[in-house]
Amino acid sequence: MLVEQKLNTFLELINNSTNEELIWINGYLNGIMSKQVTKETQPVLKTSVNKLTIAYGTETGNSKKIATEFAAKAKKQGIHAKVQSLDQYRLNDLSKEEYFLAVISTHGDGEPPAAAKKFYDHVHQNGFKLPKLKYSVLALGDTSYPLFCKAGEDVDEQLTKLGGNRIAPLKKCDIDFDAEADEWFASVFSALSENPETPTIISRPATVKKSSGKKIYTGSLLAHINLNDKGSNKETYHIEIEAEDVNYQAGDSIGIVPENKTAIVEKIIELAGIDPAANIDYKNELVSVYDLLHTRLNIIYLPERVVKKYASVVQQEIPATKIDLLDLMKIYPVKDEKEFTEILKILEPTTPRLYSIASSPEAHSGEVHIIVAKNTFSVGNEIKYGQTSEFLSRLDENSELKFYIHPNNRFRLPGQDKNIIMIGPGTGIAPFRSFIAERDATGATGKSWLFFGEQHFATDFLYQTEIQNWHETGVLTKVNTAFSRDQEEKVYVQHKMLEHGAEFFEWLHAGSYIYLCGAKEPMSVDVEQTILKIIEQFGERSEEEAIQYLDSLKEDGRYVTDVY
């Protein structure tokens, strides 16, 4: 209730206002009240829990992003949260932890990221217990893969086996993880408030953003060019894809699910004796047998776990091995159409292949470019090809291609005034073509140094003209190339790095960022060892000091890798 003087003032204002002014006053007052209500209902956590550890294992930076966001929210609730990468986490500290949260992604065939491997192995070793531990796990993954969030599931299960007390259920997240991560935040806070030693949370439930799900783009091919010249023993394709409203950042990848060869699908259907048009219930959707085998299910190099299930269906002893479905059916045929339907149910979805984006959203609006090396290998005396690389190598211009964007929040360009060193032999050049084109289009002032390597200068210098033009115009400050087969002794990018070691360390010491992309084994290992040598030799540091120096670069995000 207003006092008389304020009431009179208020009534005088109302009586002297037009209808439009009254509507404005009403809206203004509603806005003030809305802000006040929101302020009063902000979550307030009254708890005796004053500290916890949030450890993350990441390849692309998403786990780190979530862990950091959670720590900020915990701080607002009065909880001190220590955030640490699992590759920096002291394993012996786990037995001392009381509240421990793990954010961990899954890669490859259900494997933990490299940064989490030591921790993953540690919790799977017997001989210790964790009776004090109160924990929860947030698992990141990609539902396109059969072993979705397997690394996170394994860690969650193992911590329970070691005596830990799960304070909030395991939460599994797909690529669009915002909504699931928010739900996990809420469940952990709720669990902390429900702890017998703590009072309750006085708040209404946090608003959870709804995930839009993984967006699948349908693009059309604008260009499909073999970058290798005649005489090369390689096939490396530059592929340009046009897609409406495609949204990505330099450093991201795209996921592509390959189609199986029509001839192989038709032979499988013939052996099965099944109608290719017959519809099968697949993930709550009716899909024809042909479409399942052609576009949805993996029928190549079946993993041992699938071969084991196949053996159970056909009731035969089959050795543990990786084998194509067609070969498996030839050796151990199905009895009838019904048995083959059971086989379809145990087959796993075709896993997507990730390719680093080689284009810039600023320079190539509405387009996504990738580089694909056709993978060739021998099994016995038979030449085999990588499934996705062969599929992409067969495409023609104007073909349609479905894909999705796989964000890589860790592999990002720094500020435009920062210097960068890019090391990308072979198809590892892909994200650096994106970086350089982006810096060119945005007028970045930082210096750029590229190390590129391949087999032969004459036939394998990928994007030679573009790289030379960028160097001539100053977009690329320095370029060093290594063509391993052009001389008697093989020369690789790490040799060129060491050759320019003094200047390399000068750039590094001045604050440059290092990016590495390409084959994990042995290239990335050799390059990292060379960086350590450069720090030792030209930075005048001991071996231990060089390791600490490089570790600090990793922690600060100044040495990042995208290896495969």
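Refer to the preceding data block for the structure.
Here's what I pulled together on the structure shown here. What you see is a predicted model; the values in this text were computed from it and never measured.

1. Remarks on the overall build of the chain
In terms of helices and strands, the chain carries 19 helices and 23 strands. The buried share of the chain, taken over its 564 residues, is 47%. Relative to all contacts within the chain whose residues are 6 or more apart in sequence, the contacts with residues 24 or more apart total 75%. Surface exposure of the chain reaches about 29000 Å², of which carbon and sulfur atoms provide 48%.

2. Digging into unusual backbone geometry
Cis geometry is found at the peptide bond from E521 to P522, where omega equals -10°. Even without a glycine there, the phi angle at N284 is positive, about 60°. Relative to the helices and strands, N284 resides in the loop between β12 (279-281) and β13 (286-288).

3. A word on a negative patch on the surface
Together, E536, E543, E544 and E545 make up a negatively charged patch on the protein surface. Take E545: it is sitting in helix α19 (residues 543-555).

4. With respect to the pairing of strand β19 (residues 420-423)
Regular strands place their side chains on alternate faces of the sheet. Here β19 shows no split at all, with I420 and M422 on one side and I421 and I423 on the other all buried. The pairing of β19 with strand β20 (residues 448-454) spans four bridges and is parallel. Of the residues in β20, the one forming a bridge with I420 is S448. Here β19 pairs with strand β22 (residues 513-518) via four bridges, running parallel. Directly across from M422, in β22, lies its bridge partner Y515.

5. A few points about the nonpolar core
Within the largest apolar cluster, 33 residues are counted, with the highest numbers of intra-cluster contacts made by L293, Y310, L325, F340, I343 and L347. Residue contributions to this core peak at five residues, all from helix α9 (residues 304-314). With sequence-adjacent residues up to four places away left out, L325 is seen in contact with I268, L293, I299, L302, Y310, I343 and L347. Membership of the second largest hydrophobic core comes to 27 residues, among which are A67, F70, A74 and V188.

Reading guide: rules and limits
Residues numbered from 1 in each chain as written. Predicted model: local features only at pLDDT ≥ 70, side-chain atom pairs only at ≥ 80, totals over all residues. Heavy atoms only, no water. Helix = DSSP H or I, 4+ residues; strand = E, 2+ residues; numbered from the N terminus. Buried < 20%, exposed > 50% of the residue type's maximum accessible area, 1.4 Å probe, protein only. Contact = heavy atoms within 4.5 Å. Areas by Shrake-Rupley, 256 points an atom, 1.4 Å probe, with all protein chains shown as cover. Patch = residues over 30% accessible without salt bridge, like charges linked within 9 Å, V, L, I, M, F, W, Y side chains within 5 Å. Salt bridge = Lys/Arg side-chain N within 4 Å of Asp/Glu carboxyl O. Lys, Arg positive; Asp, Glu negative; His and termini not counted. Charge placed at Lys NZ, Arg CZ, Asp CG, Glu CD. Pairing = 2+ DSSP bridges. Core = buried A, V, L, I, M, F, W, Y, C linked by side-chain atoms within 4.5 Å.

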